[in-house]
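Listed below are the residues making up each chain.
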Amino acid sequence: MSVPYETTAYEPAESPESPEEHLARLLGRALNSFELPDDTIRQLDCALAHDSSLHSAHHSAGLHRETYRHTWLLADGSALTLWELVHNTAPGSEPQHEVYVDEEELRAATGRLPLPPDTPDFELPVLVQLSPIPTPRHEYLPDDSADHARRLLRRAENADRPGQDLADLLSTACAHQITQAFGRPCRAGRIRLGYALYEHAFLLRDGREISLWEVEHTATPDGRHMCEVYPSEALAREAMERRAAQVG
């Protein structure tokens, strides 16, 4: 007979683990983790949040099996679920962990377990509850975003560029988007100084979004190209106004 399984050492859904730590622990204990598709692992590398819950359990004649649902929220707003099967039907009665990417594989694996034939089937609920996370403002592309942030800050020449604290925070970026912002041109006397302003938006692994504003211009005494980086659009535009006034 199936009964709720409460005496388990399984961690609660509100575990403080990061999504990548949770994935690493799940794969580390699963005997068949090497069978998971590489594309699935790559998708989970940039997960923003995760939710885990006990889905069903069965106890009979000293044997038991539990199924767990692990769901990750990805950077593009979609969700990806892995199903974990835990049972003690192997010789020695030690708990065995297996992980599967879809419901059919999970059902097939459960059906192979040497449990009594009256073991009832279970239904998989359609909805999975995730902790609420704000919808990202940008359409991010997963890439080597932490390295992009590092290179952007390294080429900035302004003395008031973002400091090490922000650089450390951006080392956790898992996706980014670059867009050009348009605005009024700077004017130095009768000389009209054009410049390019770019927003570099970064998505962090915890779901936060941080933007850096890059100004490319030639408003320098010798007319050479210069790159400056600021933590806000307002500061970037103010800096360009000051530069234009100095050149004029």
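Residues numbered from 1 in each chain as written. Predicted model: local features only at pLDDT ≥ 70, side-chain atom pairs only at ≥ 80, totals over all residues. Heavy atoms only, no water.

Take the confidence of the model for the protein next. Looking at the protein as a whole, its pLDDT mean stands at 77, while 77% of the residues score no less than 70. Within the protein, strand 7 (residues 186-188) has the poorest average pLDDT of any element, 48, and strand 4 (residues 96-100) the best, 93. When the criterion is pLDDT under 50, residues 121-134 qualifies, and its contacts beyond four places in sequence or with other chains add up to 26 contacts. Throughout residues 183-192 the model reports pLDDT below 50, and contacts reaching past four residues in sequence, or to other chains, amount to 22 contacts. (pLDDT = per-residue confidence, 0-100. Helix = DSSP H or I, 4+ residues; strand = E, 2+ residues; numbered from the N terminus. Contact = heavy atoms within 4.5 Å.)

As a further point, take the nonpolar core. Judged by nonpolar contacts, the single largest core of 13 residues is most densely connected at Leu 170, Phe 202, Leu 212 and Val 229. Of all the elements, helix 4 (residues 145-155) adds the most residues to this core, at 3 residues. Non-local contacts of Leu 170, meaning those with residues more than four positions away in its chain, are made with Ala 146, Ala 149, Leu 153, Phe 202, Leu 204, Ile 210 and Leu 212. If you look at the next biggest cluster of nonpolar residues, it comprises 12 residues, including Leu 27, Leu 44, Ala 47 and Val 99. (Core = buried A, V, L, I, M, F, W, Y, C linked by side-chain atoms within 4.5 Å. Buried < 20%, exposed > 50% of the residue type's maximum accessible area, 1.4 Å probe, protein only.)

As a further point, take the environment of Glu 84. If you trace the backbone, Glu 84 turns up in strand 3 (residues 79-87). Classification of Glu 84 by relative accessible area gives buried; the value is 1%. Between the C-alpha atoms of Glu 84 and Tyr 68, which are 16 residues apart in sequence, the distance is 5.0 Å. In terms of polar contacts, Glu 84 uses its side chain to reach the side chain of His 97, at 2.9 Å. (Polar contact = N/O pair within 3.5 Å; in protein donor to acceptor, adjacent residues only side chain to side chain.)

Now for the environment of Asp 147. Residue placement: Asp 147 occurs in helix 4. For Asp 147, a relative accessible area of 22% puts it in the partly exposed group. Spatially, the C-alpha atom of Asp 147 lies 9.9 Å from that of Cys 174, the residues being 27 residues apart in sequence.

Following the criterion strictly, the structure yields 6 salt bridges and no others. With a shortest N-O distance of 2.8 Å, Arg 29 and Glu 84 are connected by a salt bridge. With Arg 29 in helix 1 (residues 19-29) and Glu 84 in strand 3, this residue pair connects regions lying 55 residues apart in the sequence. The network of salt bridges with common partners includes Asp 147, Arg 150 and Arg 151. (Salt bridge = Lys/Arg side-chain N within 4 Å of Asp/Glu carboxyl O.)

A separate point is the pairing of strand 11 (residues 226-230). Judged by how many residues are buried, strand 11 sits mostly within the fold: 5 of 5 residues are covered. Covered by surrounding structure in strand 11 are Met 226, Glu 228 and Tyr 230 together with Cys 227 and Val 229, the residues of both alternating faces. Pairing analysis gives 5 bridges linking strand 10 (residues 209-217) to strand 11, with the strands arranged antiparallel. Opposite Glu 216, over in strand 11, you have Cys 227 as the bridge partner. (Pairing = 2+ DSSP bridges.)

In this section: helix 4. Every buried residue of helix 4 is accounted for by Ser 145, His 148, Ala 149, Leu 152 and Leu 153. In an axial view of helix 4, the angular spread of the buried residues amounts to 125°, which keeps them on one side of the axis. (Arc of directions from axis to C-beta.)

With that out of the way, let us pick up the sheet that holds strand 4. The 4 strands lie next to each other as 1-2-3-4, forming an open sheet whose pairing is antiparallel. Looking at strand neighbours, the two that pair on one side only are strand 1 (49-60) and strand 4, the edges of this open sheet. Between one strand axis and the next, the sheet turns through 20° on average, direction left out of account. With 5 bridges joining them, strand 3 and strand 4 adopt antiparallel strand pairing. If you follow Val 86 over to strand 4, its bridge partner there is His 97. The strands touched by helix 1 are strand 1, strand 2 (63-73), strand 3 and strand 4; relative to strand 2, the strand with the most contacts, the crossing angle is about 150°. Seen against the sheet, helix 3 (residues 103-111) touches strand 2, strand 3 and strand 4 and runs at an angle of roughly 5° to strand 3. (Axes fitted to C-alpha atoms, helices over the stretch in contact; angles between N-to-C directions.)

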